[in-house]
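Analysis of the macromolecular model
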Amino acid sequence: MQLAGKKIILAVTGSIAAYKTPHLVRLLVKAGAEVRVLTTPAAEDFVSPLALATVSKHPVYSNVADGTAWNNHVEMGRWADAMLIAPCSANTLAKMANGLCDNLVCAVYLSAICPVFVAPAMDEDMWLHASTKNNLDKLRSYGNYIIPVAHGELASGLVGEGRMAEPEDLVSYLDSYFQKKNNSPLKGQKVLVTAGPTYERIDPVRFIGNFSSGKMGIALAEALAAQGAFVHLVLGPTHLQVLNKNITTIRVESAEDMYNASLRAFQDADIAILSAAVADYRPAETAPEKIKKRGDTLDISLVKNKDILATLGTLKKDGQLLVGFALETTDELHHATDKMNRKNADMIVLNSLKDAGAGFGHDTNKVTLIDKTGYKAELPLMTKQQVAEAIVNHISLLKNA
Ligand code: CTP
């Protein structure tokens, strides 16, 4: 158990799943953790602070000030090795995403310098609401870990998505976080990740681009940072924000910018993962003024961009590991393996475009991992976070070999 001796803040918010938290505290204490419990005022409708104080063997705090005593939220946020918000209601989730701070749980969340784990719990319609999805995306971009909800019976009597993960699963999620963080071969490794599309300017107001959102590469950067790696993320134009303080983001626009930034970062990188959808060609010239509408057709002459992956493949030194992506539509495995060999990569992630839910813009993806030892694994359709974890786990195996 990696939780032995770990200091955990458990923040309980107003959801029916709060009735499971005394059991959760028991399990954490049994695993050797030191637990302090905070509640929002609404949580106390669902679970007794006395029960939580008894099992954690410490007072439970709910207010920033109790009478004349001030509960120092900054100190609490600095004391903990991890903060777990379970159950996290839709309301607290929204407050956290927007920096609201009207209770002790939110104040400690904003002060926390430790990793924060969020176990949402709500009814399915609330879970599926666009604003909940946006709030979860924001928390992920802050570097918080969202523990997947379970499917099952809900407080409304309906059956669906939105149940808080069971206490046993929450404990093993935290445990495996510390396990990876402490023992990962990626700890302290310098990793270059490229992500997103590139924009190739035609004139001051137009460009050639593609539909890549950068989600897969950002998920990779986050999974690497979670294992203690130092990540340089070279990111093409995307509306997505990366605010995780363990990731250094270098924003670029064109394939040429991405090439230059990647070559610089590769010099002292241990690993490079090139997931960006780089434009293969750019306009031979960028018009200095907006091109006026004249004839019935317009010809734009294109020239080839430099291939970043292939260039890094020629520069690769002993001990550097190079991972590329491939998107193929015919004879996928053959072409992807050929691409790996041609560009001197150690591993290729083959994207499937044939499966619904896979590829550009989706939150899910389906990939096949291929490496130069002949390893081949077709993964099922998963969230991009899960795919990123699987890719990172395989990279850490290769790095360890
Ligand atoms: N890539 C790159 N620089 C480029 C083009 C591609 O680094 N200028 C990288 C991508 O990030 C990806 C891999 O190369 O990791 C696969 O790119 P792809 O465009 O599929 O490869 P190509 O060799 O251009 O082959 P294709 O003929 O299939 O387009």
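What counts and what doesn't
- Residues numbered from 1 in each chain as written.
- Predicted model: local features only at pLDDT ≥ 70, side-chain atom pairs only at ≥ 80, totals over all residues.
- Heavy atoms only, no water.
- 1 Å grid on protein atoms, 1.4 Å probe; cavity = no way out; pocket = protein on both sides within 12 Å on 5 of 7 lines; lining within 4 Å.
- Points joined across faces, edges and corners; volume = space filled by probe spheres on them.
- Helix = DSSP H or I, 4+ residues; strand = E, 2+ residues; numbered from the N terminus.
- Nonpolar A, V, L, I, M, F, W, Y, C, P; charged D, E, K, R; others polar.
- Domains from an automatic or database assignment.
- Buried < 20%, exposed > 50% of the residue type's maximum accessible area, 1.4 Å probe, protein only.
- Arc of directions from axis to C-beta.
- Contact = heavy atoms within 4.5 Å.
- Pairing = 2+ DSSP bridges.
- Axes fitted to C-alpha atoms, helices over the stretch in contact; angles between N-to-C directions.
- Buried area = accessible area lost by both parts, 1.4 Å probe.
- Salt bridge = Lys/Arg side-chain N within 4 Å of Asp/Glu carboxyl O.
- Polar contact = N/O pair within 3.5 Å; in protein donor to acceptor, adjacent residues only side chain to side chain.
- Core = buried A, V, L, I, M, F, W, Y, C linked by side-chain atoms within 4.5 Å.
- Near = heavy atom within 4 Å.
- Areas by Shrake-Rupley, 256 points an atom, 1.4 Å probe, with all protein chains shown as cover.
- Sits in = over half its atoms within 2 Å of the grid points.

As for the layout of surface pockets
Its volume calculated, the largest pocket comes out at about 1500 Å³. Among the elements that line the lining of the largest pocket, the one with the most residues is helix 7 (residues 130-141), at seven residues. Here the lining of the largest pocket is built from residues that sort into 19 nonpolar, 14 polar and 11 charged. Two domains each donate at least three residues to the lining of the largest pocket, and these are domain 1 (7-182) and domain 2 (184-400). The calculated volume of the second largest pocket comes to roughly 810 Å³. Secondary structure elements with two or more residues in the lining of the second largest pocket: strand 10 (190-195), helix 9 (215-226), helix 11 (308-315), strand 18 (321-327) and helix 12 (332-342).

Here's the deal with helix 12
Think of an α-helix as 3.6 residues a turn; residues three or four steps apart then line up on the same face. For helix 12, the set of buried residues is Ala336, Lys339 and Met340. One side of helix 12 carries all its buried residues, which in axial view fall inside an arc of 100°. Turned more than 90 degrees from where helix 12 packs its buried face, Asn341 and Arg342 sit exposed. On its buried face, helix 12 sits against strand 18, strand 19 (347-351) and strand 21 (367-371). Remark: asparagine 344 follows helix 12 within two positions and exhibits a positive phi of approximately 60°.

Observations concerning the sheet that holds strand 6 (residues 116-120)
Taken in spatial order, the five strands make up an open sheet running 2-1-5-6-7, and their pairing is parallel. Here the strands that pair on one side only, and so sit at the sheet edges, are strand 2 (34-39) and strand 7 (145-146). Inspection of the sheet shows strand 5 (residues 82-88) paired to strand 6 by four bridges, in the parallel sense. Residue pairing for strand 6: isoleucine 85 is matched across the bridge by valine 118.

A closer look at the sheet that holds strand 21
The strands making up a sheet are joined through hydrogen bonds of the backbone, oriented either antiparallel or parallel. Taking strand neighbours across the sheet as the criterion, the eight strands line up as 14-13-10-15-18-19-21-22 in an open arrangement whose pairing is mixed. In this open sheet, the two strands that pair with only one neighbour each are strand 14 (247-251) and strand 22 (376-378). Neighbouring strand axes in the sheet, compared pairwise and without regard to direction, differ in orientation by 15° on average. Judged from the five bridges that link them, strand 19 and strand 21 form a sheet pairing that is antiparallel. The residue of strand 21 that forms the bridge with methionine 347 is aspartate 371. Relative to the sheet, helix 11 contacts strand 10, strand 15 (271-274) and strand 18, its axis offset from that of strand 18 by approximately 155°.

Re the domain arrangement of the protein
Each domain of the protein was delimited in the assignment, giving domain 1 (7-182) and domain 2 (184-400). Taking only C-alpha atoms, the centre of domain 1 and the centre of domain 2 are 35 Å apart. Roughly 1100 Å² of surface becomes buried between domain 1 and domain 2 when both sides are summed, with 42% attributable to carbon and sulfur atoms. The largest share of the area that domain 1 buries against domain 2 comes from Ser141, Lys180 and Lys181, three residues that together contribute 49% of it. At the boundary of domain 1 with domain 2, the tally comes to one salt bridge. Notably, a salt bridge pairs glutamate 389 with lysine 180, separated by 3.1 Å at the nearest N-O pair. Here domain 1 is connected to domain 2 by four residue pairs in polar contact (both at pLDDT 80 or more). Looking at the side of domain 1 that touches domain 2, the elements with two or more residues in it are helix 7 and helix 8 (167-183). No other element matches the five residues that helix 8 contributes to the side of domain 1 that touches domain 2. Of the residues assigned to the side of domain 1 that touches domain 2, the class counts are four nonpolar, four polar and four charged.

Some remarks on the nonpolar core
Counting residues in hydrophobic clusters, the biggest one holds 38 residues, and the most contacted among them are Leu224, Leu233, Ile273, Ile391 and Ile395. Setting aside anything within four residues of it in sequence, one finds isoleucine 391 in contact with Met216, Leu220, Phe325, Met347, Val349 and Leu369. Counting 35 residues, the second-largest nonpolar core is a separate cluster that includes Leu3, Leu28, Leu52 and Tyr145.

Side note on the site of the ligand
Near the ligand lie 13 residues; those nearest to it are Leu274, Ala276, Leu309, Phe325 and Lys339. With respect to the ligand, the backbone of alanine 276 contributes an N or O atom lying 2.7 Å from an oxygen atom. For the ligand, a nitrogen atom lies 3.0 Å from a polar atom in the backbone of lysine 306. Coverage of the ligand by the protein chains reaches 76% of its 580 Å² of free accessible surface. Taking a 2 Å distance to the grid points as the criterion, the majority of the atoms of the ligand fall inside the second largest pocket.

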